[in-house]
Structure formats: C-alpha cells, structure tokens
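Structural features, examined
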Amino acid sequence: MTPRNSIVPVFVPHLGCPNDCVFCNQRTISGSLRPAGAGDVVRALEEARDKTERAELAFYGGSFTAVPEEIQRTLLEAARPYRENGFLRSIRVSTRPDAVTAEKLALLQTYGVETVELGAQSMDDAVLRLSGRGHSAEDTVRASAMVKGAGMQLILQMMTGLPGADRESDFRTAEAVAALKPDGVRIYPTVILRGTPLEALWRAGKYRAHTVSDAVETCAPIAALFLREGIPILRLGLNPTEALSGGEAAGGAYHPALGEMIYSKLYLELAREKLRSLPHIPRRVELRVAANRVSQLTGRKKANLLALRWEFGLEEISVSGGGFPPETVEISEIL
Ligand code: SF4
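From a predicted model like this one, the values you see are computed outputs, not experimental measurements.

Observations regarding the overall build of the chain
Counting its secondary structure elements, the chain contains 13 helices and 12 strands. Here the C-alpha atoms of the chain give a radius of gyration of 22 Å, agreeing with the 20 Å that 2.2 N^0.38 yields for 335 residues. Dimensions of the chain, computed from C-alpha atoms along their principal axes, come out at roughly 70 × 50 × 40 Å. The buried share of the chain, reckoned over its 335 residues, is 50%. Contacts spanning at least 24 positions in sequence make up 78% of the contacts within the chain whose residues lie at least 6 apart. Just so you have it, the chain exposes about 15400 Å², and 52% of that area is on carbon and sulfur atoms.

Here we look at the packing of helix H9 (residues 212-229) against helix H11 (residues 258-277)
At a minimum axis separation of 8 Å, H9 and H11 run at an interaxial angle of 65°. The two elements H9 and H11 meet at a crossing, and its hand is right-handed. Contacts between H9 and H11 pair Val212, Ala215, Val216, Glu217, Cys219, Ala220, Ala223, Ala224 and Leu227 from the former with Leu258, Met261, Ile262, Lys265, Leu266 and Tyr267 from the latter. Looking at the contact of H9 with H11 residue by residue, the classes come out as 13 nonpolar, no polar and two charged.

Section: the packing of aromatic side chains
Geometry of an aromatic ring pair is reported as the spacing of the ring centres plus the angle between the planes. The final tally for this structure, using the stated rule, is two aromatic pairs. Between the aromatic rings of phenylalanine 11 and tyrosine 60, the centroid separation amounts to 6.4 Å while the plane-to-plane angle is 50°, which identifies the pairing as tilted. With phenylalanine 11 in strand E1 (residues 5-11) and tyrosine 60 in strand E2 (residues 54-60), the pair connects residues that are 49 residues apart, well separated along the chain. With a relative accessible area of 32%, phenylalanine 11 lands in the partly exposed category.

Section: the pairing of strand E10 (residues 284-290)
As defined by bridge partners, E10 adjoins strand E11 (residues 316-322) across seven bridges and the pair is classed as parallel. Bridge assignment links arginine 288 to a residue of E11, and that residue is serine 320. Relative to strand E12 (residues 330-333), E10 is paired through four bridges, and the arrangement is antiparallel. Residue pairing for E12: leucine 287 is matched across the bridge by isoleucine 331.

Points about helix H2 (residues 38-49)
For an α-helix, 3.6 residues make a turn, and residues three or four places apart therefore share a direction. End to end, H2 covers 17 Å across 12 residues, agreeing with the expected 16 Å (1.5 Å per residue, within 8%). Taken together, the buried positions of H2 are occupied by Asp40, Val41, Ala44, Leu45 and Ala48. Buried residues in H2, looked at end-on, bunch into an arc of 125°, giving them a common side.

Describing unusual backbone geometry
Even without being glycine, glutamine 121 reaches a positive phi, approximately 65°. By the element assignment, glutamine 121 lies in strand E4 (residues 113-121). If you check the backbone angles, lysine 302 has positive phi at about 60° while not being a glycine. Inspection of the secondary structure puts lysine 302 in the loop between helix H12 (294-298) and helix H13 (303-311). The exposure class assigned to lysine 302 is exposed, which follows from its relative accessible area of 52%.

Here's the deal with the sheet that holds E11
The three strands lie next to each other as E11-E10-E12, forming an open sheet whose pairing is mixed. Each edge of the open sheet carries a strand with a single partner, namely E11 and E12. Each strand axis lies, on average, 25° off the axis of its neighbour in the sheet, ignoring direction. Of the strands in this sheet, E10 and E12 touch H11, which is tilted by about 50° from E12.

Considerations on the pattern of salt bridges
Per the counting criterion, the structure on display carries 20 salt bridges. Salt-bridge contacts for aspartate 98 lead to arginine 96; the nearest nitrogen and oxygen are separated by 2.9 Å. With relative accessibility at 33%, the residue aspartate 98 sits in the partly exposed group. In this structure, arginine 203 and glutamate 199 form a salt bridge, with 2.8 Å as the shortest nitrogen-oxygen distance. Of the two residues, arginine 203 and glutamate 199 both sit in helix H8 (residues 197-203), four residues apart, roughly one turn of that helix. Given the relative accessible area of 54%, arginine 203 is considered exposed. One salt-bridge network, in which partners are shared between bridges, spans Glu56, Arg89, Arg92, Glu117 and Arg186.

Things to note about the environment of leucine 154
Inspection of the secondary structure puts leucine 154 in strand E5 (residues 153-160). For the pair leucine 154 and alanine 143, spaced 11 residues apart in sequence, the C-alpha to C-alpha distance is 9.7 Å.

Reading guide: rules and limits
- Residue positions are given per chain, counted from 1 along the sequence in the order it is written.
- In keeping with the predicted nature of the model, local features appear solely for residues at pLDDT of at least 70, side-chain atom pairs appear and are counted solely at 80 or more, and the whole-chain, interface and lining totals rest on all residues.
- The side-chain values count all of the structure's non-hydrogen atoms but skip hydrogen atoms and water molecules.
- Secondary structure follows DSSP: runs of H or I at least 4 residues long count as helices, runs of E at least 2 residues long count as strands, and numbering of each begins at the N terminus.
- Put simply, the radius of gyration uses C-alpha atoms, and a globule should come to 2.2 Å times the residue count raised to 0.38.
- Residue exposure (1.4 Å probe, protein chains only): buried if accessible area is under 20% of the type maximum, exposed if over 50%, otherwise partly exposed.
- Any pair of residues with heavy atoms lying within 4.5 Å of one another is described as a contacting pair.
- The Shrake-Rupley method, run with a 1.4 Å probe sphere, supplies the accessible areas, and residue values consider only the shown protein chains as cover.
- Note on geometry: axes are lines fitted to C-alpha atoms, helical ones only across the stretch in contact, with angles between N-to-C directions running from 0 to 180 degrees.
- Should the near helix be turned counterclockwise from the far one by less than a right angle, the crossing is left-handed, whereas a clockwise turn marks it as right-handed.
- Amino acids outside the nonpolar list (Ala, Val, Leu, Ile, Met, Phe, Trp, Tyr, Cys, Pro) and the charged list (Asp, Glu, Lys, Arg) are all regarded as polar, and Gly is one of them.
- Pairing of aromatic side chains here covers Phe, Tyr and the six-membered ring of Trp, requires ring centres within 6.5 Å, and sorts the geometry by plane angle: under 30 degrees stacked, over 60 edge-to-face, intermediate tilted.
- Two strands pair if DSSP finds at least two bridges between them.
- An expected span of 1.5 Å times one less than the residue number is assigned to each helix.
- Here the arc refers to the set of directions running from the helix axis out to each C-beta atom.
- Salt bridges are defined by distance alone: a side-chain nitrogen of Lys or Arg within 4 Å of a carboxyl oxygen of Asp or Glu.

Spelled out as structure tokens, the structure:
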C-alpha cells in the first residue's frame, strides 16, 4: 500500500554549528560528514515520490538557521518545485535556540517552512554549560516565543542525564519546557557516542553514564507530565540504527525499545497510583486504558500485571482498551 504521507529527512550534519556539545557526534547520527546540498534534497524528494503521495521535508541534524543564508536558500530553493506542485505538505527545520532571529524566521517562512524544532536539551544553565551547549535557558525561552509569535509550529527537544543533571533537574527542565507550550516534544536520554568528548569524560571517570534503567526512571514521570499537559511526545529515545546497535553507542541510555520501556513504567505507575487511591482494593480488577496503550500497561511478558498482582494481593487482573485519554488508567472491579 502506498503511504499517503511521510517525512523525508535530509541531514545537515554539523553544518554551521560553531559548538561542540559534549554528547554530539553528527557523523554517527547522520552517517555522513559531507554537508547536504541541493542535489541531496532533490534526490530524497524524488525517492519519496515513488513511495508516497504527499510528504513533509525535514532538515535535521545541524543548526539550520546558523548555516550561511546562501546555503539555507539553496537547500530550500531545491524544495520549492515540490512545494508548488503540492507534493510537499510542509517543511520543518531543526536548529539551536541562539540561532533564531526574526529575520531568520522570516526567511524560512518565505520558503514555506512551518515548523521549527529547537534543541533546548536542558533548562538548567549549569547543565548547559557543563554540556558545552553554548546557549542559555533564556535563549530557549526567547526563541520559543519568537517561533510561536511568527505563527510557526514549535517542537522542543530535551535530553536527560546530561553532565550535572539529576532526576530532579531533568524533571524541572520538563516543567519549564511544558510551560513554553510547544506543539510537541522529543525526549532524548543521553547516549555516549563513540569519539565524543562525553566518551572521554566517561572513560576518565568524570561522568557517570545515564543508564537505560536511569532513563526509564527519569523519563516515565516526564512523559506523564507531557501527557497530562496534552503535549504530544514525538520521540522518546534515539532512533535505533545498525551503527548505534553495532557499537557506536559506547554507553548510556541506548536501547532499541527504550520508548516502550519508558511508557511501560509510566503506565505501571499510573495503575499503582490508581489502586492506592481506592478506599479498598478489590480482589479481581480490570484495568482500562487507551486502546493503543494496552501492551504498554500490560508490560513485556505481562511483567506489569504480575507486579501489580503481587503488590496488591490481587487474585485476578486483566486489561482492556477503549477511548480513554492517554494519561489515565481506569479501574473497575470484576464481579
Ligand atoms: S549544537 Fe547541535 S550540531 Fe552543534 S555540536 Fe551541539 S548538538 Fe551538535
């Protein structure tokens, strides 16, 4: 079946970025060191035309608005015919908060860019400094207001487990991100990529890795917060790739199923809260959750159901899906 819509990613690796964030190795993520050009845009869009009816073009990987204006224009100009013939539904770019100005946003809008993704990463200035980000939390506040003020969609990216961060500071970052009312968020628990300054710090014993289990514990309440606030979570954890699974992820929170593990923990906690709130705990219960969350509440190999059954002394526990909001778990007694 031909998909009706899809995202066509074009990576702009490290292009225009004056920084060296300790965790960053764009080569690993994008698989290329060569800056993208107009030919890459056309090639990616032509390939997509064979597979889908409409698409969204996404410039990921670097700091798009920090790239010389001429190059930005060249890349966007290459997409113009596809925008004009209706194939491209919209265009999004990712960039740094300190590379956003009214003029830069106006240029993007001239070419039909509708969404700007900002790498906030943390809202704690000490964490930003220790991570070599080169911008402040205030830059993210200012840039977010400008993107929204220009009538564009705002997506904020945050990371957990950066140098100097802990579970509490990561949660405060999530609260500060939610307060900016983005149209979506991406949450990336820190992965130690080979060849990065972070790997050197870790190997020297100056950075404690944010393990998969740390990421699950840290991100479950963060994901719950965004669900409560009605802010879509577009991504939870780095996209699994062969390179990352094959050793490019030297340590830290890399697991191909990390997102599922976090959601599973989140729904386990929601069910616990709900059961604890009952005046008396029935012996046989049915948990009800949004239809697409049933497997996350159930857990891998029914681990969540087994845990709840044991903790609350239940004789029987089952799960069903329905039209519930994603942040709720309902419970009824099985009679
Ligand atoms: S700003 Fe982005 S591209 Fe530049 S070093 Fe940091 S993470 Fe990498």
